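Each chain, letter by letter, is given below.
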Amino acid sequence: MEKKRLALKKLLEAVEKEIIRKPDRKALDRLSLFVGFQDWESFQEALHGETSADENYK
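Read on for an overview of the structure. (Residues numbered from 1 in each chain as written. Predicted model: local features only at pLDDT ≥ 70, side-chain atom pairs only at ≥ 80, totals over all residues. Heavy atoms only, no water.)

**Topic: the pattern of salt bridges**
And step 1. Evaluated as defined, the whole model comprises three salt bridges.
And step 2. The salt bridge partner of Glu-2 is Arg-5, with a shortest N-O separation of 2.8 Å. Here Glu-2 and its partner Arg-5 are both found in helix 1 (residues 2–20), three residues apart, which amounts to about one turn of the helix.
And step 3. Here Arg-5 falls in the partly exposed class, since its relative accessible area comes to 47%.
And step 4. Linked through salt bridges whose partners overlap, the residues forming this network are Arg-25, Asp-29 and Glu-41. (Salt bridge = Lys/Arg side-chain N within 4 Å of Asp/Glu carboxyl O. Helix = DSSP H or I, 4+ residues; strand = E, 2+ residues; numbered from the N terminus. Buried < 20%, exposed > 50% of the residue type's maximum accessible area, 1.4 Å probe, protein only.)

**Comments concerning the packing of aromatic side chains**
Describing an aromatic ring pair means giving the distance of the ring centres and the angle of the ring planes.
And step 1. Under the counting rule described, the total for this entry stands at two aromatic pairs.
And step 2. Each ring, one from Phe-37 and one from Phe-43, has its centre 5.3 Å from the other, and the planes form 65°; the classification is edge-to-face.
And step 3. In this structure Phe-37 comes out as buried when scored by relative accessible area, which is 8%.
And step 4. Between Trp-40 and Phe-43, the ring centres sit 5.5 Å apart and the planes meet at 45°, which makes this aromatic pair tilted. Residue Trp-40 and its partner Phe-43 are located together in helix 3 (residues 40–48), separated by three residues, close to a single helical turn.
And step 5. Exposure remark for Phe-43: the relative accessible area of 21% places this residue in the partly exposed category.
And step 6. These aromatic residues form a ring-pair network of at least three members: Phe-37, Trp-40 and Phe-43. (Phe/Tyr/Trp six-rings, centres within 6.5 Å; stacked < 30°, edge-to-face > 60°.)

**So, the side chain of Ser-32**
And step 1. Assignment of secondary structure puts Ser-32 in helix 2 (residues 25–34).
And step 2. Accessibility expressed as a relative area gives 1% for Ser-32, which makes it buried.
And step 3. If we skip the residues at most four places from it in the chain, Ser-32 touches Phe-37, Asp-39, Trp-40 and Phe-43. (Contact = heavy atoms within 4.5 Å.)

As C-alpha coordinates, then:
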(Lines give C-alpha, C1' and ligand atoms only; values in the text may rest on other atoms or scores of the structure.)
Protein backbone atom coordinates (compact mmCIF):
# COMPACT_ATOMS: atom_id res chain seq x y z
CA MET A 1 0.00 0.00 0.00
CA GLU A 2 2.88 2.37 0.77
CA LYS A 3 4.31 1.85 -2.75
CA LYS A 4 0.98 2.80 -4.30
CA ARG A 5 0.76 5.90 -2.15
CA LEU A 6 4.26 7.01 -3.15
CA ALA A 7 3.58 6.28 -6.83
CA LEU A 8 0.37 8.33 -6.69
CA LYS A 9 2.18 11.17 -4.96
CA LYS A 10 4.87 11.21 -7.67
CA LEU A 11 2.23 11.15 -10.39
CA LEU A 12 0.34 14.06 -8.85
CA GLU A 13 3.57 16.07 -8.50
CA ALA A 14 4.40 15.44 -12.17
CA VAL A 15 0.90 16.53 -13.26
CA GLU A 16 1.09 19.69 -11.15
CA LYS A 17 4.50 20.50 -12.60
CA GLU A 18 3.14 20.22 -16.16
CA ILE A 19 0.07 22.32 -15.39
CA ILE A 20 2.07 25.08 -13.73
CA ARG A 21 4.96 25.03 -16.21
CA LYS A 22 5.26 28.18 -18.27
CA PRO A 23 6.39 27.83 -21.89
CA ASP A 24 9.86 29.12 -22.68
CA ARG A 25 10.46 32.28 -24.69
CA LYS A 26 11.19 30.39 -27.92
CA ALA A 27 7.80 28.65 -27.77
CA LEU A 28 6.03 31.93 -27.04
CA ASP A 29 7.76 33.61 -30.00
CA ARG A 30 6.69 30.76 -32.29
CA LEU A 31 3.09 30.99 -31.12
CA SER A 32 3.17 34.73 -31.74
CA LEU A 33 4.42 34.17 -35.30
CA PHE A 34 1.57 31.75 -35.84
CA VAL A 35 -1.00 34.45 -35.05
CA GLY A 36 0.74 37.11 -37.13
CA PHE A 37 3.15 38.91 -34.81
CA GLN A 38 6.92 39.22 -35.03
CA ASP A 39 7.58 38.05 -31.48
CA TRP A 40 6.01 37.62 -28.04
CA GLU A 41 6.65 41.23 -27.04
CA SER A 42 4.83 42.55 -30.11
CA PHE A 43 1.89 40.29 -29.37
CA GLN A 44 1.76 41.41 -25.73
CA GLU A 45 1.93 45.09 -26.73
CA ALA A 46 -0.96 44.67 -29.14
CA LEU A 47 -2.94 42.66 -26.64
CA HIS A 48 -2.45 44.90 -23.61
CA GLY A 49 -1.36 48.20 -25.11
CA GLU A 50 -2.89 50.83 -27.29
CA THR A 51 -1.19 49.63 -30.47
CA SER A 52 -3.54 48.38 -33.18
CA ALA A 53 -3.00 44.80 -34.31
CA ASP A 54 -3.49 46.02 -37.90
CA GLU A 55 0.02 47.49 -37.80
CA ASN A 56 1.45 43.99 -37.98
CA TYR A 57 -0.09 43.42 -41.39
CA LYS A 58 1.32 46.48 -43.17
